[in-house]
Amino acid sequence: MKHLFLINPAAGKRGSTDALCRQIVDTFTALGLDYEIFLAAAPRDCEARARAAAESGEPVRLYACGGDGTLNEAVNGAAGYDNAAVTNVPKGTGNDFIKLFGPTYRSAFSDLAALAAGPQSAFDLMDCNGRLGIDVCCAGVDARIAADVHKYKSIPLLNGMAAYSLSLIVNVLFKGLSRPTRILAGDTVLDGESTIICICNGRHYGGGFMPVGDAQPDDGILDMLVVPKVGRLTFFRLLGAYAKGRYREHPEVLAHFHGQSFAFSSPQELTAVVDGEVIHAKDFHVSLSPKKVWFFYPAGLNYHATAITSGTQPVPL
């Protein structure tokens with residue numbers, strides 16, 4: 001089996017790419033495994049290299065070394081190929097998907113020897129207007145905040161947190177929380193304005209949000225939460241409950257749907273973010289993809305992490 005490392009040099013701190021390359025060489029030379037290091041030079045380079053490796057038909061393990069965007073590229077390249085499996089080496093600041101493996105995810109997925117020998121599972125994928133995602137698709141004020149962070153990062157002296165704070169202020173206070181939308185969830189039609197539309201295959205996004213704590217990446221079901229038009233005071237009052245997966249406590253505001261297909265549209269252009277990838281459109285269709293992707297992880301970790309007790313808090317099984 002070949003082990004192909006897809007590295008995003010733009011992710012992580014200065015010097016992290018060189019350090020990771022040394023770790024790969026030392027680890028895989030000692031293990032006597034066939035490996036290759038690929039350094040991306042432009043967006044979608046990792047996706048193209050992953051697809052080429054998958055299309056070869058040879059067994060390959062693809063290590064997406066970066067954040068959720070790098071993992072998304074590997075997933076889109078390897079989806080539907082039984083000979084290829086993907087994982088995420090947490091080189092980026094945002095590695096939300098692998099948080100479903102528990103609080104030790106960062107150190108566990110940085111252990112390359114454990115990753116190389118780990119088991120793999122077939123995970124579901126979402127299809128959002130043709131772009132596959134493994135974790136979360138959001139389309140609301142949260143998506144607009146995330147999309148604008150990249151714009152504000154170009155301003156001198158603004159680091160990641162400062163850029164996020166500025167994007168939050170601008171979008172919440174000046175651009176307005178809600179947008180007119182028509183949402184289709186099975187037989188349910190929601191017409192009006194919405195603040196957040198969040199569709200989950202995984203459990204975490206946005207650095208610290210876990211809207212549906214019992215979402216499972218391999219159960220053939222997507223979870224959607226919808227927050228209708230709310231005022232700023234209500235938005236900030238409910239934000240903590242939304243972030244911690246306590247939507248059952250607020251059914252009058254947080255609407256929850258199970259399904260395999262959802263659609264939403266607006267007369268205005270909407271912004272959606274799929275695993276860090278930004279999409280602009282007026283009409284969106286998000287459905288369970290017929291394709292799956294093999295995902296490998298260190299032995300001993302468990303992603304089937306929650307049962308619901310007391311109707312509120314998720315509790316580890």
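Report on the accompanying structure. Along each chain, residues carry numbers from 1 onward, in the same order as the chain's sequence is written. Local features in this predicted model are restricted to residues whose pLDDT is 70 or higher, and side-chain atom pairs enter the listing and the counts only when it is 80 or higher, whereas totals over whole chains, interfaces and linings include all residues. Computation of side-chain values: all heavy atoms of the structure, hydrogens and water removed.

### Observations regarding the packing of aromatic side chains
Stacked, tilted and edge-to-face are the three classes applied to pairs of Phe, Tyr and Trp rings, where Trp contributes its six-membered ring and a pair requires centres within 6.5 Å; stacked means planes under 30 degrees apart, edge-to-face means over 60, and tilted covers the rest. Tallied over the full model, the rule gives 19 aromatic pairs. Aromatic side chains F28 and Y63 sit 6.0 Å apart centroid to centroid with 85° between the ring planes, which places their arrangement in the edge-to-face category. Taken as a pair, F28 in helix α1 (residues 16–31) and Y63 in strand β3 (residues 60–66) lie far apart in primary sequence, 35 residues in all. For every residue, the accessible area (1.4 Å probe, protein chains only) is compared with the maximum for its type, and the residue is labelled buried under 20%, exposed over 50%, or partly exposed between those bounds. A relative accessible area of 0% means that Y63 is categorised as buried. Relative to Y242, the ring of F209 lies with its centre 6.1 Å away and its plane at 55°, an arrangement referred to as tilted. Taken together, the residues span a long stretch of sequence, with F209 in the loop between β10 (188–200) and β11 (222–228) and Y242 in helix α8 (residues 232–243) at a distance of 33 residues. The exposure classification of F209 matches that of Y242, with both residues buried. Here the aromatic residues F97, F101, F109, F123, F295, Y297 and Y303 are joined through ring pairs into a cluster of three or more. Seen from the ring of F296, R61 lies directly overhead, with NZ or CZ sitting 4.2 Å from the centre. A run of H or I in DSSP becomes a helix once it reaches four residues, and a run of E becomes a strand once it reaches two; helices and strands are each numbered from the N terminus. In this analysis the charged atom, NZ for Lys or CZ for Arg, is taken to sit over a ring once it is within 6 Å of the ring centre and within 35 degrees of the ring normal.

### Points about a nonpolar patch on the surface
Here a patch means residues that are over 30% exposed by relative accessible area and free of salt bridges, tied together within 9 Å if like-charged and within 5 Å if nonpolar (Val, Leu, Ile, Met, Phe, Trp, Tyr). Computed with a 1.4 Å probe, the accessible areas rest on the Shrake-Rupley method; for each residue, only the protein chains presented here act as cover. Definition used for salt bridges: Asp or Glu carboxyl oxygen within 4 Å of a side-chain nitrogen of Lys or Arg. A grouping of I169, L173 and F174 is seen on the molecular surface, where their side chains present a nonpolar patch of about 330 Å² in accessible area. On the secondary structure map, I169 appears in helix α7 (residues 160–174).

### Description of the packing of helix α2 (residues 45–55) against helix α3 (residues 68–78)
Between α2 and α3, the least distance of the axes is 7 Å, while the angle of their chain directions is 30°. Regarding the angle of α2 to α3, the classification is roughly parallel. Considering only the axes of α2 and α3, their crossing is right-handed. Residues D45, C46, E47, A50, R51 and A54 of α2 form the contact with α3, whose participating residues are T70, E73, A74, N76, G77 and A78. The classification used treats Ala, Val, Leu, Ile, Met, Phe, Trp, Tyr, Cys and Pro as nonpolar, Asp, Glu, Lys and Arg as charged, and all other residues, Gly among them, as polar. For the contact of α2 with α3, a count of residues per class yields 5 nonpolar, 3 polar and 4 charged. A fitted line through C-alpha atoms represents every axis, and for helices the fit uses only the stretch in contact; the resulting angles, taken between N-to-C directions, go from 0 to 180 degrees. Each angle gets one of four labels, with under 35 degrees taken as roughly parallel, over 145 as roughly antiparallel, 65 to 115 as roughly perpendicular, and the rest as oblique. Handedness of each helix crossing follows the sense of rotation of the near helix against the far helix: counterclockwise by less than a right angle gives left-handed, clockwise gives right-handed. Any two residues whose heavy atoms approach within 4.5 Å at even a single point are treated as in contact.

### Focus: the sheet that holds strand β5 (residues 120–123)
Two strands make a pair as long as DSSP finds a minimum of two bridges between them. With mixed pairing, 6 strands are arranged side by side in an open sheet as β2-β1-β3-β4-β15-β5. Among the strands making up the open sheet, the edge pair consists of β2 (34–39) and β5. Each strand of the sheet is rotated relative to its neighbour by a mean of 30°, with strand direction disregarded. For strand β1 (residues 2–7) and β3, the ladder comprises 6 bridges, and the chain directions are parallel. Paired with L6 across the strands is A64, a residue of β3. In this fold α2 packs onto β1, β2, β3 and β4 (84–90), with an angle of close to 165° to the strand it touches most, β1. Where α3 meets the sheet, its contacts fall on β1, β3, β4 and β15 (293–296), and the angle it forms with β4 comes to roughly 175°.

### Re unusual backbone geometry
Glycine aside, a negative phi is what most residues show, and trans is what most peptide bonds show. A positive phi angle is found at N129, which is not glycine, with a value near 50°. By the secondary structure assignment, N129 is in the loop between β6 (126–128) and β7 (131–133). Looking at N129, the relative accessible area reads 38%, which means it is partly exposed.

### Digging into the environment of G118
Topologically, G118 is positioned in the loop between α5 (112–117) and β5. Separated by 182 residues in the primary sequence, G118 and G300 place their C-alpha atoms 8.7 Å from one another. Discounting chain neighbours no more than four positions away, the residues touching G118 are R61, F296, Y297 and A299.

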